[in-house]
Amino acid sequence: MPIAANVILGSGVTIQHPELVNLYGCSVGEGTSIGPFVEIQQGVQVGKRCKIQSHSFLCEGVEIEDEVFIGHGVMFVNDRYPKVAGEWKLERVLVRHNASIGSGAVILCGVTIGEGAQIGAGAVVTRDVSQGQRVAGVPARLLR
Ligand SMILES: CC(C)(COP(=O)(O)OP(=O)(O)OC[C@H]1O[C@@H](n2cnc3c(N)ncnc32)[C@H](O)[C@@H]1OP(=O)(O)O)[C@@H](O)C(=O)NCCC(=O)NCCS
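Rules and cut-offs
- Residues numbered from 1 in each chain as written.
- Predicted model: local features only at pLDDT ≥ 70, side-chain atom pairs only at ≥ 80, totals over all residues.
- Heavy atoms only, no water.
- Helix = DSSP H or I, 4+ residues; strand = E, 2+ residues; numbered from the N terminus.
- Rg over C-alpha atoms; globule rule 2.2 N^0.38 Å.
- Contact = heavy atoms within 4.5 Å.
- Areas by Shrake-Rupley, 256 points an atom, 1.4 Å probe, with all protein chains shown as cover.
- Pairing = 2+ DSSP bridges.
- Near = heavy atom within 4 Å.
- Polar contact = N/O pair within 3.5 Å; in protein donor to acceptor, adjacent residues only side chain to side chain.
- Nonpolar A, V, L, I, M, F, W, Y, C, P; charged D, E, K, R; others polar.
- Buried < 20%, exposed > 50% of the residue type's maximum accessible area, 1.4 Å probe, protein only.
- Core = buried A, V, L, I, M, F, W, Y, C linked by side-chain atoms within 4.5 Å.

Here the focus is the overall build of the chain. What the chain contains, in helices and strands, is zero helices and 20 strands. Since a compact globule built from 144 residues should have a radius of gyration of about 15 Å, the 14 Å found for the chain is in line with a globular shape. With the C-alpha coordinates of the chain rotated into their principal frame, the extents come out at 45 × 40 × 20 Å. Sequence-distant contacts in the chain: of pairs separated by 6 or more residues, those separated by 24 or more amount to 16%. Summed over its atoms, the accessible surface of the chain is roughly 7,500 Å², and 51% of this surface lies on carbon and sulfur atoms.

This part covers the sheet that holds strand β10 (residues 62-64). If you trace the six strands from one edge of the open sheet to the other, you get β1-β4-β7-β10-β13-β16, paired in parallel fashion. The open sheet is flanked by β1 (8-9) and β16 (112-113), the only strands paired with a single partner. Direction of pairing for strand β13 (residues 93-95) relative to β16: parallel, over a ladder of two bridges. The residue bridging Val 95 from the neighbouring strand is Ile 113, located in β16.

Taken together, Gln 53, Phe 69, Gly 102, Ser 103, Gln 118, Gly 120, Ala 121, Arg 134, Ala 136, Gly 137 and Leu 143 are the residues near the ligand. Between the ligand and Ser 103 there is a distance of 2.7 Å, counted from an oxygen atom to a backbone nitrogen or oxygen. Within the side chain of Arg 134, one N or O atom sits 2.6 Å away from an oxygen atom of the ligand. Split by residue class, the shell around the ligand holds four nonpolar, six polar and one charged.

A word on the sheet that holds strand β2 (residues 14-15). Pairing is mixed in the open sheet, where eight strands are placed in the order β2-β5-β8-β11-β14-β17-β19-β20. The open sheet terminates on both sides in strands that have one partner only, identified here as β2 and β20 (141-142). Note: strand β14 (residues 100-101) against strand β17 (residues 118-119), two bridges, orientation parallel. Along β17, the bridge assignment pairs Ile 101 with Ile 119.

This paragraph deals with the side chain of Thr 32. Topologically, Thr 32 is positioned in the loop between β4 (27-28) and β5 (33-34). The buried category is assigned to Thr 32, whose relative accessible area is 0%. Every residue in contact with Thr 32, bar those within four places of it in the chain, is listed here: Gly 12, Val 13, Thr 14, Val 46, Gly 47, Lys 48, Arg 49 and Cys 50.

Once that is clear, we can look at the nonpolar core. Ranked by internal contacts, the top residues of the largest apolar core, which has 38 residues, are Ile 40, Ile 64, Phe 76, Ile 101 and Ile 107. Not counting residues up to four positions away in its chain, the partners in contact with Ile 107 are Val 74, Met 75, Phe 76, Val 77, Val 93, Ile 101, Ile 113 and Val 125.

Among the secondary structure elements, Ser 33 is positioned in strand β5. In this view, Ser 33 contacts Thr 14, Cys 50, Lys 51 and Ile 52; residues no more than four positions away in its chain are not counted.

Spelled out as structure tokens, the structure:
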């Protein structure tokens, strides 16, 4: 089912192609818009008035505050040492208010992206990004 019955959608959430998303066990705040081919997993909280563009993947353990921009094909990660079987440790990611994540960025587990921070297209974010910082590259570094 593209949008499972256990998804909590705030008022005015726009999902351009409801048949082309995969949302389950998550909550999405009012006024947020979600493009096609987006997956949002169990337990993820997305704030109000966010914009999530097509092909992005928000895994369990991710929290997105209000007015966050997420470009196309942004990948969040929650398992630092993935393996086929056995125990794994979920590491959370927090994206604070008004941050912006460029297309194709990978956000490694355990990081916080600060308020108003800007992540360049294609960045691999391996460490916390402070409030208002602009970072890009692999691994992501401060742009001067
Ligand atoms: C990161 C970003 C905000 C920087 O913009 P900016 O401050 O105007 O930066 P500039 O274009 O002046 O570039 C500054 C330097 O950073 C480099 N740079 C810019 N963006 C970069 C990126 N995504 N990855 C790696 N390096 C980048 C430039 O090559 C330049 O390097 P140089 O000084 O050695 O020549 C922007 O380039 C970006 O990636 N925006 C995201 C766009 C996006 O994904 N939109 C989604 C919807 S379409």
